[in-house]
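# Secondary and tertiary structure notes
As a plain string of letters, each chain reads:
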Amino acid sequence: MALRGVLVLELAGLAPGPFCGMVLADFGAQVVRVDRPGARGDVSFMARGKRSLAVNLKRPDGALVLRRLCAQADVVLEPFRHGVMEKLQLGPEILQRENPKLIYARLSGFGQSGRFCGVAGHDINYLALSGVLSKIGRSGENPYAPLNLLADFGGGGLICTLGILLALFQRTRSGKGQVIDASMVEGTAYLSSFLWKSQQVGLWERPRGQNMLDGGAPFYTTYRTADGGFMAVGAVEPQFYKLLIKGLGLKSDELPNQMSVTDWPEMKRRFAEVFAKKTKEEWCQIFDGTDACVTPVLTFEEVTQHDHNKERGSFITDEEQNVSPRPAPLLSDTPALPSSKRDPFVGEHTEEILQEFGFSQVEINQLASDKIIEINKPRANL
């Protein structure tokens, strides 16, 4: 796999950090999740392909354990607010002095500087401060967050992954690591570059929910079907819009111009009436295979059974029969080979990891006796 041989130490956190670590593991990196003794494990359920080392970093001897590991690692990924790692004597200045090749990835909501850098927050807060949240929502309603996907996973985990890969590539030239300051606010804002760059062409000049791409246009929204399902419509270009009108059984010469904004509310009502007369499956039979840009809104139960997804193997099943998306993108020569094993228990691999990093059995036993580390080997089922 593409990242074979890359050693990553992921300090346990919520959502964005575990996702970043999982992506790296999916594509071949050796990822060690550094857990807190007594923790419940990865509550974000993104521990695929990782091993768990449980060590108490708040104890000086625990911090020294991590420093010894970082001296041999390629990447350390930490998800804390500004200043937390420095208080533990685990800041980048110390760790990179001991290992100049170390890539130190700092993934946080507000970044490592600025007045909010020490403040708590969640996806919706980062989304709000990025400006993106102000653009999302129905006309006349409050802005709403599209789950916790944009800031946590797009602007956070995925952007941080990009930073790590860029730093790894640069290291092949310079031989040196660097610090990555991945702010979820800035990552989300960066994802919205199109919104900023397209302002001057009038795409967003109307109030929220009344523009072409935010649900205002009748040809770029969703409609309820007779059986309570939904169809997604994205027929923006004239040639696609023409096929939409044909599929709906309407006549173009009896309708207003596609781009007549004042007629959009009435057109949405008219389209809604038509879509409500047939089931989702019936609309699929009409639009499948056409360029009308009309597709069913699939539920999680339906998406794995859709012919296109089945043909591409877009979803995978682990040994516990849990289904999840296959890692993307699909590389032709070095594709991801995600682990199908269960997630690790906290501290399950503590002993073997420390042994691999050169700790003697005497040292390991003493650390366990002092409750610096936790060893939780699974018991065999007899």
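These lines cover the structure that appears in this document, whether it is placed above or below. Note that the coordinates shown come from a computational prediction; the quantities given were computed from them, not determined experimentally.

### Looking at the environment of alanine 336
Its location among the elements puts alanine 336 in the loop between strand S11 (323–325) and helix H14 (350–356). Exposure remark for alanine 336: the relative accessible area of 16% places this residue in the buried category. In this structure the C-alpha to C-alpha distance between alanine 336 and alanine 2, which are 334 residues apart in sequence, comes to 7.8 Å. Excluding residues that lie within four positions of it along the chain, alanine 336 makes contacts with Met1, Asp26, Phe27 and Pro327.

### Section: the packing of helix H5 (residues 123–130) against helix H6 (residues 150–174)
With their axes 8 Å apart at the nearest point, H5 and H6 run at an angle of 65° to one another. Taken together, the axes of H5 and H6 lie roughly perpendicular to each other. For the pair H5 and H6, contact is made by Asp123, Tyr126 and Leu127 and by Leu150, Ala151 and Asp152, respectively. Considering only residue class, the contact of H5 with H6 consists of four nonpolar, no polar and two charged.

### Examining the packing of H6 against helix H7 (residues 184–191)
Put simply, H6 and H7 touch, their axes get as near as 8 Å, and they point 95° apart. Considering their axes alone, H6 and H7 lie roughly perpendicular with respect to each other. Residue-level contacts link Leu150, Ala151, Asp152, Gly154, Gly155, Gly156 and Ile159 of H6 to Met184, Gly187, Thr188, Tyr190 and Leu191 of H7. Looking at the contact of H6 with H7 residue by residue, the class counts come to six nonpolar, five polar and one charged.

Calculation notes
- Residues numbered from 1 in each chain as written.
- Predicted model: local features only at pLDDT ≥ 70, side-chain atom pairs only at ≥ 80, totals over all residues.
- Heavy atoms only, no water.
- Helix = DSSP H or I, 4+ residues; strand = E, 2+ residues; numbered from the N terminus.
- Buried < 20%, exposed > 50% of the residue type's maximum accessible area, 1.4 Å probe, protein only.
- Contact = heavy atoms within 4.5 Å.
- Axes fitted to C-alpha atoms, helices over the stretch in contact; angles between N-to-C directions.
- Parallel < 35°, antiparallel > 145°, perpendicular 65-115°, else oblique.
- Nonpolar A, V, L, I, M, F, W, Y, C, P; charged D, E, K, R; others polar.

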